[in-house]
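# Reading the structure
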Amino acid sequence: QKEVEQNSGPLSVPEGAIASLNCTYSDRGSQSFFWYRQYSGKSPELIMSIYSNGDKEDGRFTAQLNKASQYVSLLIRDSQPSDSATYLCAVNEAGTALIFGKGTTLSVSS
Amino acid sequence: SAVISQKPSRDICQRGTSLTIQCQVDSQVTMMFWYRQQPGQSLTLIATANQGSEATYESGFVIDKFPISRPNLTFSTLTVSNMSPEDSSIYLCSVDRRNYGYTFGSGTRLTVV
């Protein structure tokens, strides 16, 4: 059974702080790794994808991947109240469906 | 950006009836995926739909309960059959758009009473 584990939270950070979200996965064959943001009542929105070990930065977001440790993380710098949402980690092997973690709820207070 | 049109957006249905959810993509895709998101939970894969072949179902989901059609490379339907209150969920279709990643339809919020 392929599993993706996330701390459900809630993770609470003040505005302007760094939010750190973590994810581990069980399938060593996983090749692609994604972070989605989901606002209440909305469908998931892709914010980051990463495929190789190391860091990938996009604006205020940085995804980090360590395949040896089967670990993926997402850092959100200068957190804003509009970042308050549930963040879903997802992984897959090439050409297959995404397997999702349970999500981490982030709350950014102003 | 990728456009996936999913309908209906929501419905309230009587137990024992069936509901068919439609997903239309604005370009051809090989695989379409159907997920369920129960209240307060994450996304669970129901099945993968390929054009021209039967859908592949995940453990815990069966064709008699969730029949899927995939008549062409831009369209798929998921039917929730013989519904019970436990089927109340959000149902989402998803596709892999090579330049845009895996994207989702807007979802169908189903309430069974």
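First, a word on scope: everything that follows refers to the structure included in this document. (Residues numbered from 1 in each chain as written. Chains lettered and ligands numbered in written order. Predicted model: local features only at pLDDT ≥ 70, side-chain atom pairs only at ≥ 80, totals over all residues. Heavy atoms only, no water.)

## Observations concerning the environment of Pro81(A)
All names here are of chain A. Looking at where Pro81 falls in the secondary structure, it is placed in the loop between strand E8 (71-76) and strand E9 (85-92). Judged by its relative accessible area of 35%, Pro81 is partly exposed. Distance in space between the C-alpha atoms of Pro81 and Leu106 is 9.5 Å, their sequence separation being 25 residues. Excluding anything up to four places from it in sequence, Pro81 contacts Glu15, Val108 and Ser110. (Helix = DSSP H or I, 4+ residues; strand = E, 2+ residues; numbered from the N terminus. Buried < 20%, exposed > 50% of the residue type's maximum accessible area, 1.4 Å probe, protein only. Contact = heavy atoms within 4.5 Å.)

## Details of the sheet that holds strand E7 (residues 68-72) of chain B
Residue and element names in this part refer to chain B. Strand order in the open sheet formed by four strands is E1-E3-E8-E7, with antiparallel pairing between adjacent strands. Two strands in the sheet have a free side with no partner beyond their single neighbour: strand E1 (4-7) and E7. The sheet shows a mean angle of 15° between the axes of neighbouring strands, direction not considered. For strand E3 (residues 19-25) and strand E8 (residues 75-80), the ladder comprises six bridges, and the chain directions are antiparallel. If you follow Cys23 over to E8, its bridge partner there is Ser76. (Pairing = 2+ DSSP bridges. Axes fitted to C-alpha atoms, helices over the stretch in contact; angles between N-to-C directions.)

## Details of the state of the cysteines
As enumerated under the stated definition, the model contains two disulfides over all chains in all. The disulfide partner of Cys23(A) is Cys89(A), and the gap between their sulfur atoms is 2.1 Å. One quick way to see it: the torsion about the S-S bond of Cys23(A) and Cys89(A) is about -70°, and its sign makes the bridge left-handed. Note that Cys23(A) is positioned in strand E3 (residues 19-25) and Cys89(A) in strand E9, a separation of 66 residues in sequence. Take Cys23(A) and Cys89(A): they sit in the same class, and that class is buried. A disulfide-free cysteine, Cys13(B) has its sulfur positioned 17 Å from the sulfur of Cys93(B), the nearest such atom. (Disulfide = S-S within 2.5 Å.)

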